[in-house]
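Listed below, chain by chain, are the residues.
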Amino acid sequence: MEETVPTITKTTCPYCGVGCGILATVGADGTLAVRGDPDHPANFGRLCSKGSALAETVDLEGRLLFPEIDGRRAGWDEALDRVAETFSRTIAEHGPDSVAFYVSGQLLNEDYYVVNKLMKGFIGTANIDTNSRLCMASSVAGHRRAFGSDTVPGSYRDLELADLVVLVGSNLAWCHPVLYQRLAAAKAERPEMKVIVVDPRRTMTADIADQHLAIAPDGDVALFNGLLAHLAEAGELDENYIAEHTTGFAEALAAAWRLDMDGIAAETGLDRASIAEFYRLFAATEKVVTVYSQGVNQSSVGTDKVSAIINCHLATGRIGRPGMGPFSVTGQPNAMGGREVGGLANMLAAHMDIDNAADRERMQRFWRAPVITSAPGLKAVDMFRAVADGRIKALWIMATNPVDSMPDGDMVETAIRACPFVVVSDVVGETDTVRHAHVKLPAAAWGEKDGTVTNSERRMSRQRPFLPRPGEAKPDWWIVTEVARRMGFAEAFPYASPAEIFAEHAALSAFENHGTRDFDIGAHAGIDAAGFDALAPFQWPARAGETPADDIRFFAEGGFFTPDRKARLVPVTTTAPARTSEGFPLVLNTGRVRDQWHTMTRTGKSQRLSQHLAEPFVEIHPTDAATYGIADADLVRVTSARGAIVVRALLTSRQREGSIFVPMHWTDQFAADGRVDRLVPPIIDSTSGQPALKHVAVRIARFTAAAYGFAVLTGKPKRIAADYWAIARCEGGWRVELAFANAVADWPAVADAILPGVPDADTLSFQDAVAARRRFARFVGERLIGALYLAAEPVAVPRDWAVEQLSQAHADQRARLAVLAGRPGKGGEDKGAIVCSCFGVGVRQIAGAVVAGCHTVEAVGDALLAGTNCGSCRAEIRSIIHAHRLQAAE
Ligand code: SF4
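As the structure is a prediction and not an experimental result, all values here were calculated from the model.

1. Some thoughts on the pattern of salt bridges
A full pass over the atoms with the stated rule returns 70 salt bridges. D129 serves as the salt-bridge partner of R133, at 2.8 Å between the closest nitrogen and oxygen. This pair shows no difference in class: R133 is buried, exactly as D129 is. Across the pair K187 and D210 runs a salt bridge, and its minimum N-O distance is 3.0 Å.

2. So, the pairing of strand β26 (residues 696–702)
Pairing analysis gives 3 bridges linking strand β21 (residues 586–591) to β26, with the strands arranged antiparallel. Bridged to L588 within β26 is V696. Relative to β26, strand β23 (residues 635–640) runs antiparallel, the two being bridged by 5 bridges. Residue pairing for β26: V636 is matched across the bridge by R702.

3. Observations concerning the packing of helix α8 (residues 220–233) against helix α11 (residues 261–268)
Between α8 and α11, whose axes approach to 8 Å, the crossing angle comes to 155°. Here α8 lies roughly antiparallel to α11, going by the angle between them. For the element pair α8 and α11, the recorded crossing hand is left-handed. Residues A222, L223 and G226 of α8 pack against I264, E267 and T268 of α11. For the contact of α8 with α11, the class distribution of residues is 3 nonpolar, 2 polar and 1 charged.

4. Brief notes about the site of the ligand
Close contacts around the ligand come from C13, Y15, C16, G19, C20, L47, C48, K50, G51, P177 and V178, and that covers them all. Taken together, the elements giving at least two residues each to the shell around the ligand come down to α1 (49–52) and α7 (177–189). Broken down by class, the residue content of the shell around the ligand amounts to 8 nonpolar, 2 polar and 1 charged.

5. Here's the deal with the environment of A74
Within the secondary structure, A74 sits in the loop between β5 (72–73) and α2 (76–94). With 365 residues separating them along the chain, A74 and V439 place their C-alpha atoms 9.3 Å apart. Among residues more than four places away in sequence, those in contact with A74 are P67, E68 and I69.

6. Quick word on the sheet that holds β5
Read across the sheet, 7 strands follow the order β5-β4-β16-β15-β14-β6-β7 without closing on themselves; strand pairing throughout is mixed. Lying at the two open borders of the sheet, with one neighbouring strand each, are β5 and β7 (128–130). Bridging between strand β6 (residues 99–103) and strand β14 (residues 394–398) involves 4 bridges; their strand directions are parallel. Each bridged residue has a counterpart across the sheet, and for Y102 the counterpart in β14 is I397.

7. Things to note about the sheet that holds strand β10 (residues 211–213)
Pairing in this open sheet of 5 strands is parallel, and the strands run β10-β9-β8-β12-β13 from one edge to the other. The open sheet has two free edges, formed respectively by β10 and β13 (325–328), since each of these has just one partner strand. For this sheet, the mean inter-axis angle between neighbouring strands, taken without regard to orientation, is 15°. Of the strand pairs in this sheet, strand β9 (residues 194–198) and β10 are connected by 3 bridges, and their pairing is parallel. Note that in β10 the partner of V197 across the bridge is H212. Helix-sheet contacts for α8 involve β8 (164–168), β9, β10 and β12 (288–292), and the interaxial angle to β8 is about 150°.

8. Description of the UniProt feature "domain: 4Fe-4S Mo/W bis-MGD-type" (unreviewed entry) in the protein chain
Here the UniProt feature "domain: 4Fe-4S Mo/W bis-MGD-type" (unreviewed entry) sits at residues 6–62. Secondary structure within residues 6–62 divides into 7% helix and 30% strand; the distance between the first and last C-alpha atoms comes to 27 Å.

9. Quick word on helix α10 (residues 249–256)
Of all the residues in α10, the buried ones are F249, A252, L253, A255 and A256. Looking down the long axis of α10, one finds its buried residues gathered within 160° of arc, a one-sided arrangement. Here the buried face of α10 lies against α8, α9 (239–245), β11 (246–247) and α14 (302–315).

10. Comments concerning the packing of aromatic side chains
For any pair of aromatic rings, the description rests on two quantities: the centre-to-centre distance and the angle between the ring planes. Inspection of the entire model under this criterion finds 28 aromatic pairs. Between F122 and F493, the aromatic rings sit 5.3 Å apart at their centres with planes inclined by 70°, giving edge-to-face as the arrangement. Highlighted residues: F122 in helix α3 (residues 109–123) and F493 in the loop between α20 (476–489) and α21 (498–510), separated in sequence by 371 residues. Residue classification places F493 among the buried positions, given a relative accessible area of 0%.

11. A few points about the pairing of strand β32 (residues 783–791)
β32 sits mainly inside the fold: 8 of its 9 residues count as buried. Bridge count for strand β27 (residues 707–713) against β32 is 6 bridges, and the pairing is antiparallel. Paired with F710 across the two strands is Y789, which belongs to β32. In this structure, the hairpin formed by strand β31 (residues 773–780) and β32 is closed by a connection of 2 residues, where G781 is found at a positive phi of approximately 60°.

Rules behind the numbers
- For every chain, the first residue of its written sequence is number 1, and the numbers climb from 1 along that sequence.
- Owing to the predicted nature of the model, reporting of local features is limited to residues with pLDDT of at least 70; listing and counting of side-chain atom pairs is limited to 80 or more, with chain, interface and lining totals taken over all residues.
- Heavy atoms from the whole structure form the basis of all side-chain values; hydrogens and water molecules are not counted.
- Within this document, salt bridges are pairs made up of a side-chain nitrogen of Lys or Arg and a carboxyl oxygen of Asp or Glu, the two lying within 4 Å of each other.
- We call a residue buried when its accessible area falls under 20% of the maximum for its residue type, exposed when it is over 50%, and partly exposed in between, using a 1.4 Å probe and counting protein chains only.
- What makes two strands pair is DSSP finding at least two bridges between them.
- The helix and strand labels rest on DSSP assignments: H or I over at least four residues marks a helix, E over at least two residues marks a strand, and numbering proceeds from the N terminus.
- Where helices are involved, their axes are fitted lines through C-alpha atoms of the stretch in contact, as for all axes, and angles between N-to-C directions lie from 0 to 180°.
- When describing relative orientation, an angle under 35 degrees is termed roughly parallel and one over 145 degrees roughly antiparallel, while 65 to 115 degrees is termed roughly perpendicular and anything else oblique.
- In this scheme the crossing of two helices becomes right-handed for a clockwise turn of the near helix relative to the far one and left-handed for an anticlockwise turn of less than a right angle.
- The contact definition used throughout considers only heavy atoms, calling two residues in contact when any of these lie within 4.5 Å.
- Gly falls in the polar group here, along with every residue not listed as nonpolar (Ala, Val, Leu, Ile, Met, Phe, Trp, Tyr, Cys, Pro) or charged (Asp, Glu, Lys, Arg).
- One heavy atom within 4 Å of a molecule or strand makes the whole residue count as near it.
- UniProt positions are given in the numbering used here, feature names are shortened, and annotations may be inferred rather than shown by experiment.
- The arc in question is the one spanned by the directions pointing from the helix axis to the C-beta atoms.
- Pairing of aromatic rings covers Phe, Tyr and Trp, the last counted by its six-membered ring, and requires centre-to-centre distances within 6.5 Å; plane angles under 30 degrees mean stacked, over 60 mean edge-to-face, and any other angle means tilted.

Here it is in structure tokens:
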């Protein structure tokens, strides 16, 4: 028999801005396997837990497969006509500023390019913004005012070449895990390399740090201003670089002198000795890279934080040389690409400037556009305000979920619900945003899409399709092109493939450029379908006629993109105002967890990824927890001036006293009340428009429940009538946490609502009236289809053991009664919370290995395999070893 050779496709991970290369193998039986591409310069074969689990997320459950209009299935022609007609009519009646597009860093460059072209060059407004506004808008603004362009000067390689890496507001270990692994490996090879983490939380990233500065929220401007002043005092400036390549140094230094050491200590919350040690190390080390991410960007003073960091690198000339420079890492897979195509409301395509008349004229001429936007449009927060007050009458949301990610989430949801016309193109049929769409357009997903993305080091890579598009799903670029044609712009949107769009994007980047703009990929302007197919990852600039290079850096010899080609040091003095008060005494910080991505529409499908943290939670310092009478694993109500949520308490001294942390991922699809965005007020950075998602005044209180529950189910529960619930995938089905505020009179009715209703099922139940415990276990034949445990106190059933029961046979009554009892029998093991998602290894197992003598991550890996695949859990294993050895020493 002839053997079918599996197809291997080189593509790119769709999650974070590291942009790892992936080899996707579709077997003869249609099964998918993914592994890291050893040849990709971003990851050299590595993948993190999320990338490794991609194969588990491509099933069609929950996919939007057909266009819908007002809740009924429609054909593509009807849906596209409806979108085009409604947008055209709204523009005719109310002008171009009455419509808006809210797009996404998940789009590919080609999707992004055409949607921006349609809005800015043909509709004639800049009311297009992207969820990247929530991610790196402050970095863009900081780059542009310092360099005259949105340029990331260095490459990932610089993190390995540096002698000091300062990580500011970046939990690299969880948010950019492969970049973290590269850094950790470099440090292991050269232990003399120093790593400093500046973060209010002692995140897993801090576990490789030589120094952790638990800075007060938004204390960064004071810290880096103080550093600039110290560098001047210590005579560690590069006077030649300052004189030849910069302006504004004197003003920046004068601003930096605003605080003395006591003032810096007061604003940063750090002790003087720690600050002095950081300054000493920075001053003494030439090869310094300062990596920053959302902790810097998501702030009302984010742009000034970026300037304060860049000022230090410009003043020391530590920029654009191997192992040196400021380095912004982006959250999303294609946030960088969005910046290149002009996906933000205040930019034009190809890094041209919306406020520059010559750029606008050039843009219009290149596109042969009837109009060109004359001014910046509405940035994300203002856009949804305009939707709320009726200025925006038609809104198209692409590949993003603003109800769950925007600040003031309830207001955003109300605004979308009230908007006269909402189109959502997405891959998922039911999200907290999609549910309000008048027209739903099914988009192609990762594995089906064809185009390019750009990562945080300016490297463009191909995303290639290897799965058939299901149902009637279509690529985003095709959807936008079809709408543009129906709006009367067919001539300007002739595209038949993403290769044609990429070629135009490349030609635009080189159009009348002559080295005056940083973004230039003119070398690919003439690319054809075959060339696009074969396109290997490359870094920009890739100018026509120049030899392709790798690890391209900017600005070692100046050459900034300002009119005088000099960088600007920007004087910054701003501090974020204190937001806490008697009523809201704590600072809420929001962010990501290791194994989930955004609003879990993809990672939430993986049982492996859902094991790590299966519920929305709040990290609280034990001292604060004691103040508010909260114990570990209690339920906690977190309340801000905008709203309240209920999440699980996780007590940890990694958290700074006075601050708490809640992850951003949980939505109404996964929890009763876990949407942290509803707590966040719409406070923005006045320069970048980026919301301050990490500094919210809140209070906390124990959520008192009359009863608690835990269930494992083979099917997703349809209706959960509980005051608190959270669901997560598990092997064989779903696991559910529950709590009821008031006593429940009819427990069997609750059980019937939650347990799968299957004819001929056999239900066992147990009641202990004195202890107020109820248990139900439902079987079909030997198979457990659901078990529900209820008690007046938090249910003590080992979660991983209960999950395993879904996959095991329960032939005899004894086995069934053991399930009902909720207790592992002899030999049953409670692994504890899962740490290693790849091999399902729990915290208790790792602790056991440490007690048995495994005192290194490698030894734990040898004993349990934990940490030996993707490596994303290695920092947590290191911290468990550390904690147990400390305990043993006490
Ligand atoms: S670090 Fe992980 S999530 Fe980010 S691109 Fe690489 S594999 Fe994907």
